[in-house]
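# Chain and residue survey
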Amino acid sequence: MIRLPSRRALLTGASAAAAAAMLGGCDRLGNAEWFQRTLKTGEDANMFVQRLLLTDRTLAPEYAEADISPWFKPNGTEDPPDRDYKALARAKFAKYHLEVGGLVEAPFRLSLAELRKLPARTQITRHDCVEGWSAIGKWTGVPLADLLSRAKLKPQARYVVFHCADTMDQGSPLEGGGDGEETDEAPAGNANPSMTKQSGGDESRKDSGGQQASEDSAASGGAPVRYYESIDLVDAFHPQTILAYDMNGQALPVSNGAPLRLRVERNLGYKQAKYVMRIEVVESFAHLGEGKGGYWEDQGYAWYAGI
Amino acid sequence: MFRHPLVIRVTHWVNAVCLLVLLMSGLQIFNAHPALYWGKVSTFDAPLMAMSSTEDDPPKGMTTVFGHGFDTTGWLGSSVGSDGEAADRGFPAWATLPSDQDLTGGRSWHFFFAWAFVLNGFAYLLYGLGSGQLRFRVIPSRDQIRHFGASVWEHLTLRFPQGDEAKCYNVIQKLTYLVVLFVLLPVQVLAGLAMSPAMDAAFPFLLTLFDGRQSARTVHFVVAALLVLFVVVHVALVLLSDFWNNMRGMLTGWFVIERKVEPAPVTGETRA
């Protein structure tokens, strides 16, 4: 064996240089569109396999009263800045109506009182944020399947879209208002990293919402971007998919999505749209927002949120 | 001697790339909520471990483990990013993939390479079982078990086996590979799956196995750390026990066995 005296130094130097080059290279690779598409096949495979493993009626685990989290961490928008919403909230949502329309035979509107009179389902389930944390809450609400059956879907219906009251940004590039439903993570890497609210597993960022930045956004011109989400009919007709008006036995607080939020168990938090105002049945969500099927999806998150 | 068949060599290097990407993208995902808990849910005011930054200027990085706080400025909690600015982040930019804060990017990398890792692992297992390589490599012989103590001593004093003894893995290597292959890696995959709400619906036993989703997340983190430890020791031994011969073995399959010489030099020509 040839033994160079500086072998160790050479190796150390070479590996440090290689590591630095690799890190830079990976970041550049990760920004290339073809590579992003390739990486996303992993998430496509997640959906394909999980849909094979789950029947349409496989239930998410349900928990006991004793398991309910003493504090159900609100995330994303905690107090929608929109004037229309604030007016509804001041009147305790007495004038609120849920609209159900789109590709249905019989569109309708229901007040909160009317919704509360419909048959309800109560479930104690775990909420998993895409960031990694979990909380358990008790939800009572109307099964979405009942509302969709009442509206009678047209044959071409494929997705159910939830339009929400909370404005996320004003249509201009995000500025400090990157908080979103169920994740206050900054959107994908192209966003300004300094808006990432990031300091740890405590409550420090509970109040650090950027929602004030978009105060009165609707009045300031530009097309305001409101939160929205979409699910397919498999999740829409799942028995645990409900529009919840109660949390832990009491009216849903504003911070958790009053007056009505989606619970689509077996999915991560960003699917659990809060402040739901209108349900639209569509054949495709390509015409909505950036066309990816939801506010966070438009920022790069996977449409399928089962993992 | 011809030591490593093609399938073993290819799966070894694919595995190395997968583990590195999984580690770094995993740290990126962890950074989205740099705290660990035990049980079903997050007990936000009592984490097992948490990283955060202080309000000071410049901010300090703090890491709390079982209630004990440590100043980890520059490493954990607060560190300088690629733009040269101190940022609030769990693990530093050089350890995460992508290096900037980017949860969705980290998830894309992680899931793609998780699939690659699992498929590669199955290829290795099928080949290893079919060819008898796995048994030859990782099941200790009766004789080896009898000399366990002597083997440990040789290892600790960095005296590496030569001659016939160098033709197969020694008892410590075999036991380590056994634990990594059949305990750590499967547990890591299962703990990862247990974090998926859809997998928990399909296989509720995952939650029973790990005592809840947040425990599974903690186990996933700890096992990742153990795998890092394994790789560090593995690479250190490769370097200490004739790096070039080892590399030739894992790249071309051919490995030089020197005749046994007495007394054994500390840097004998053998293997890892």
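In the block above lies the structure referred to throughout.
Residues numbered from 1 in each chain as written. Chains lettered and ligands numbered in written order. Predicted model: local features only at pLDDT ≥ 70, side-chain atom pairs only at ≥ 80, totals over all residues.

### Observations concerning the overall build of chain B
Heads up, the rule is: For helices the rule is a DSSP run of H or I covering at least 4 residues; for strands it is a run of E covering at least 2, with both sets numbered from the N terminus onward. Note on contacts: each residue gets a C-beta atom placed from the backbone, and two residues are in contact if those atoms are within 7 Å.
Helices and strands together make up the secondary structure of chain B, namely ten helices and six strands. If you line up chain B on its principal axes, its C-alpha atoms span 65 × 45 × 35 Å. Look at the contacts in chain B between residues 6 or more apart in sequence, and 60% of them connect residues 24 or more apart.

### Concerning the sheet that holds strand S1 (residues 97–102) of chain A
Residues and elements named next belong to chain A. The test is simple: For two strands to be treated as a pair, DSSP must find no fewer than two bridges joining them. Helix axes are fitted only over the stretch in contact, all axes being lines through C-alpha atoms; the angle between N-to-C directions runs from 0 to 180 degrees.
If you trace the five strands from one edge of the open sheet to the other, you get S2-S1-S10-S5-S6, paired in mixed fashion. Unpaired on one side and paired on the other, strand S2 (108–111) and strand S6 (225–232) mark the two borders of the sheet. Adjacent strand axes in the sheet meet at a mean angle of 20°, parallel and antiparallel pairs treated alike. Note: S1 against S2, four bridges, orientation antiparallel. Following the sheet pairing, His 97 is matched in S2 by Ser 111.

### Considering the interface of chain B and chain A
Counted only if it meets this: The nonpolar class holds Ala, Val, Leu, Ile, Met, Phe, Trp, Tyr, Cys and Pro. Asp, Glu, Lys and Arg form the charged class, and all remaining residues, Gly among them, are polar.
On the side of chain A, 53 residues touch chain B, which itself brings 47 residues to the contact. Contributing elements (two or more residues each) for the side of chain B that touches chain A: strand S2 (49–53), strand S6 (86–89), helix H2 (103–131), helix H7 (197–202) and helix H9 (213–240) of chain B. Ranked by the residues each element gives to the side of chain B that touches chain A, the list is headed by H2(B), at nine residues. For the side of chain B that touches chain A, the residue count by class is 26 nonpolar, eleven polar and ten charged.

### Description of the sheet that holds strand S4 (residues 68–71) of chain B
All names here are of chain B. An order of S1-S2-S3-S4 is seen for the four strands of this open sheet, with the pairing classed as antiparallel. Looking at which strands have only one partner, the edges of the open sheet turn out to be strand S1 (35–36) and S4. Where S2 and strand S3 (residues 61–65) come together, five bridges link them in antiparallel fashion. Across the sheet, residue Ser 52 finds its bridge partner in S3, namely Met 62.

### Considerations on helix H2 (residues 33–53) of chain A
Basically, it comes down to this: Each residue after the first adds 1.5 Å to the expected span of a helix. Residue burial is a threshold on neighbouring C-beta atoms within 10 Å of the residue's own C-beta, all placed from the backbone, with 20 or more meaning buried, 12 or fewer meaning exposed, and counts in between meaning partly exposed.
For H2(A), which comprises 21 residues, the first-to-last C-alpha distance of 31 Å matches the rise-based estimate of 30 Å (1.5 Å per residue) to within 8%. Among all positions in H2(A), only A:Leu39, A:Glu43, A:Asn46 and A:Gln50 are buried. Packing partners of the buried residues in H2(A) comprise H2 and H7 of chain B.

### What to know about the packing of H2(A) against H2(B)
The relative placement of two packed helices is expressed as an angle between their axes plus a distance between the axes. The condition is simple: Geometric relationships in this document are graded by angle, where less than 35 degrees denotes roughly parallel, more than 145 denotes roughly antiparallel, 65 to 115 denotes roughly perpendicular, and other angles denote oblique. Here a crossing is taken to be left-handed if its near helix is turned anticlockwise relative to the far helix by less than a right angle, and right-handed if that turn runs clockwise.
Direction vectors running N to C along H2(A) and H2(B) enclose 70°, while the axes themselves pass 8 Å from each other. What the angle tells us is that H2(A) and H2(B) run roughly perpendicular. Considering how the two elements wind past one another, H2(A) and H2(B) form a crossing that is left-handed. Across the interface between the two elements, A:Gln36, A:Leu39, A:Lys40, A:Thr41, A:Gly42, A:Glu43, A:Ala45 and A:Asn46 from H2(A) touch B:Ser108, B:Trp109, B:Phe111, B:Phe112, B:Ala114 and B:Trp115 from H2(B). When grouped by side-chain class, the residues that make up the contact of H2(A) with H2(B) number seven nonpolar, five polar and two charged.

### Overview of the nonpolar core
Rules: A set of buried residues qualifies as a nonpolar core if it consists of Ala, Val, Leu, Ile, Met, Phe, Trp, Tyr and Cys joined through C-beta atoms within 7 Å.
Counting residues in each nonpolar core, the largest one holds 85 residues, and the members touching the most others are A:Phe162, A:Cys164, A:Leu243, A:Val276 and B:Ala194. Every residue in contact with A:Val276, bar those within four places of it in the chain, is listed here: A:Leu98, A:Phe162, A:Cys164, A:Leu243, A:Leu260, A:Arg261 and A:Leu262. Core analysis: the next-biggest nonpolar cluster, separate from the first, contains seven residues, B:Ala35, B:Leu36, B:Ala50 and B:Leu76 among them.

### Let's talk about the environment of B:Asn31
Residue and element names in this part refer to chain B. Positionally, Asn 31 belongs in helix H1 (residues 6–31). On the basis of neighbour count, Asn 31 is assigned to the buried category, with 27 C-beta atoms found within 10 Å. Spatially, the C-alpha atoms of Asn 31 and Asp 143 are 47 Å apart, while their sequence positions differ by 112 residues.

### Comments concerning helix H6 (residues 171–194) of chain B
Residues and elements named next belong to chain B. Stated formally: Bend is the name given here to the angle between axes fitted to two runs of seven residues, the run ending at a residue and the run starting at it.
If you check H6, its first and last C-alpha atoms are 33 Å apart, about what 24 residues at 1.5 Å a residue would give, namely 34 Å. Along H6, the helix axis deviates most sharply at Val 180, where the bend reaches about 35°. Listing the buried residues of H6 in full gives Val 171, Gln 173, Lys 174, Gln 188, Ala 191, Gly 192, Leu 193 and Ala 194.

### A word on the environment of A:Ser69
If you trace the backbone, A:Ser69 turns up in the loop between H2 and helix H3 (83–90). Sequence separation between A:Ser69 and A:Lys152 is 83 residues, and the spatial gap between their C-alpha atoms is 37 Å.

Everything listed here is a matter of coordinates, which is why it stays silent on function.
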